[in-house]
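If you want the building blocks of each chain, they are given just below.
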Amino acid sequence: MPKVKHLKRSAVTAVVDSKPKKHSKPSSRVLEILRKVRREYQANRDPTYAAWSKKYMRNKFEFFGLKFPKRRALDKQVISASPILDVEDIYDLVGLLWQQEEREFHYFAIDYAVKFRDVLSCDAATCLRSVECGRQLLITNSWWDSIDLFTPKVIGYFGSKYPKEVIPILDQWIKDDNMWLRRSAILHQLNYNENTDKERLFRYCLLTGHEDEFFIQRAIGWALRNYLRYNRKDVKEFVKKNEAKLSPLSVKEALKHA
């Protein structure tokens with residue numbers, strides 16, 4: 001059986017830690033969850049689907065080959081049989097999962113963060129640490145799937161819970177050199193629906209509308225199309241007024257259902 005990869009403390013945790021902690025390595029609770037996840041994934045691996053998944057993801061990641069319903073069932077089984085972790089253990093667990101080669105470990109990390117996002121944002125200070133932890137995930141092992149799963153349900157949730165603290169950070173991300181952080185900033189309001197801050201959405205779209213990057217162009221179109229369901233008039237007016245500043249792909253995606 002392959003060894004579980006882990007450092008003395010995870011790279012993600014090291015970034016957000018500014019105070020000494022009581023332990024210098026992941027707890028036995030964290031390591032046991034990691035072992036359970038690996039054991040279940042290995043027992044249910046599908047080499048054929050793993051090969052297809054790897055090709056679909058442009059050979060960026062290894063896979064066990066677990067289809068979504070099966071993986072989600074295994075994840076629920078592991079979580080329900082495991083103790084609830086405190087915030088420090090969650091940082092360690094997510095960081096260790098993110099270091100594993102197979103992409104399904106990263107999906108488990110995201111699902112775990114979503115399930116316990118209130119623990120990760122129990123107060124404003126903890127939420128800010130969690131945002132920085134999330135930033136490290138977004139810029140490591142980055143691809144559209146992890147960005148799009150993590151951003152609306154975790155980063156966006158933090159932003160809605162502590163807007164005064166979190167939104168200024170997203171205002172920085174939209175100008176960041178890292179493309180995935182810019183995509184994350186554009187997409188963080190996907191679950192805000194009628195509560196979307198339209199001025200911020202439109203501003204983010206204009207700040208990045210000139211880019212040739214495919215993943216940014218698609219993100220702009222997706223964010224506008226999503227908000228169009230709740231504010232058709234303003235979105236259509238924005239696109240029409242700024243069509244020359246947006247890529248044809250962004251315009252097409254934004255108005256797909258107009």
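In this text, all values refer to a predicted model and were calculated from it rather than measured experimentally.

Cut-offs used in this document
Residues numbered from 1 in each chain as written. Predicted model: local features only at pLDDT ≥ 70, side-chain atom pairs only at ≥ 80, totals over all residues. Heavy atoms only, no water. Helix = DSSP H or I, 4+ residues; strand = E, 2+ residues; numbered from the N terminus. Rg over C-alpha atoms; globule rule 2.2 N^0.38 Å. Buried < 20%, exposed > 50% of the residue type's maximum accessible area, 1.4 Å probe, protein only. Contact = heavy atoms within 4.5 Å. Areas by Shrake-Rupley, 256 points an atom, 1.4 Å probe, with all protein chains shown as cover. Expected span 1.5 Å × (residues − 1). Polar contact = N/O pair within 3.5 Å; in protein donor to acceptor, adjacent residues only side chain to side chain. Core = buried A, V, L, I, M, F, W, Y, C linked by side-chain atoms within 4.5 Å. Salt bridge = Lys/Arg side-chain N within 4 Å of Asp/Glu carboxyl O. Axes fitted to C-alpha atoms, helices over the stretch in contact; angles between N-to-C directions. Nonpolar A, V, L, I, M, F, W, Y, C, P; charged D, E, K, R; others polar. Left-handed = near helix turned anticlockwise from the far one by under 90°.

(A) Main features of the overall build of the protein chain. Along its length, the protein chain carries 14 helices and 0 strands. Beginning at the N terminus, the succession of helices and strands in the protein chain can be written as α-α-α-α-α-α-α-α-α-α-α-α-α-α. In terms of overall size, the protein chain behaves like a compact globule, its C-alpha atoms giving a radius of gyration of 19 Å where 258 residues would be expected to give roughly 18 Å. The principal-axis extents of the C-alpha atoms in the protein chain amount to approximately 60 × 45 × 30 Å. Burial analysis of the protein chain (258 residues in total) assigns 53% to the buried set. Long-range pairs, those at least 24 residues apart, make up 74% of the contacts in the protein chain between residues at least 6 apart in sequence. Roughly 12900 Å² of accessible area belongs to the protein chain as shown, and the carbon and sulfur atoms make up 52% of that amount.

(B) View of helix α5 (residues 87-99). In a regular helix each residue adds 1.5 Å, so 13 residues correspond to 18 Å; α5 covers 19 Å between its end C-alpha atoms and thus fits that length. Counting buried positions over the 13 residues of α5 gives 13, a clear majority of the element. Sitting at the head of α5, D86 places a side-chain oxygen 3.2 Å from the backbone nitrogen of E88.

(C) Representation of the nonpolar core within the structure. If you look at the biggest cluster of nonpolar residues, it comprises 76 residues, and the most contacted ones within it are F108, Y112, F158 and L224. When sequence neighbours within four positions are dropped, the list of residues in contact with L224 reads L201, F202, C205, V235, F238, V239 and A254.

(D) Local environment of the pattern of salt bridges. All chains considered together, the criterion is met by 19 salt bridges. R183 serves as the salt-bridge partner of D148, at 2.8 Å between the closest nitrogen and oxygen. Taken together, the positions of D148 in helix α8 (residues 144-161) and R183 in helix α10 (residues 179-187) put the pair 35 residues apart, joining distant regions of the chain. An identical accessibility class is assigned to D148 and R183; each is buried. The partner of E253 in a salt bridge is R218, with the nearest N and O atoms 3.9 Å apart. Here E253 is found in helix α14 (residues 248-254), whereas its partner R218 is found in helix α12 (residues 214-228), with 35 residues between them in sequence. On the basis of relative accessible area, E253 is assigned to the buried category, the value being 7%. Judged by relative accessible area, which is 34%, R218 ranks as partly exposed. Through salt bridges that share partners, R71, R72, D75 and D111 make up one connected network.

(E) Representation of the packing of α12 against helix α13 (residues 232-241) in the model. In the contact formed by α12 and α13, the axes pass within 8 Å of each other and the chain directions differ by 145 degrees. Between α12, through L224, Y227 and L228, and α13, the contact on the second element is made entirely by R232, V235, K236, F238 and V239. Residue composition of the contact of α12 with α13, by class: 6 nonpolar, no polar and 2 charged.

(F) Layout of the packing of helix α2 (residues 28-43) against helix α4 (residues 68-80). The N-to-C vectors of α2 and α4 enclose an angle of 145 degrees; their axes lie 10 Å apart at closest approach. Here α2 and α4 pass one another in a crossing that is right-handed. Within the contact between the two elements, α2 uses I33, K36, V37, E40 and Y41 and α4 uses R71, L74, D75, Q77 and V78. The residue makeup of the contact of α2 with α4, split by class, is 5 nonpolar, 1 polar and 4 charged.

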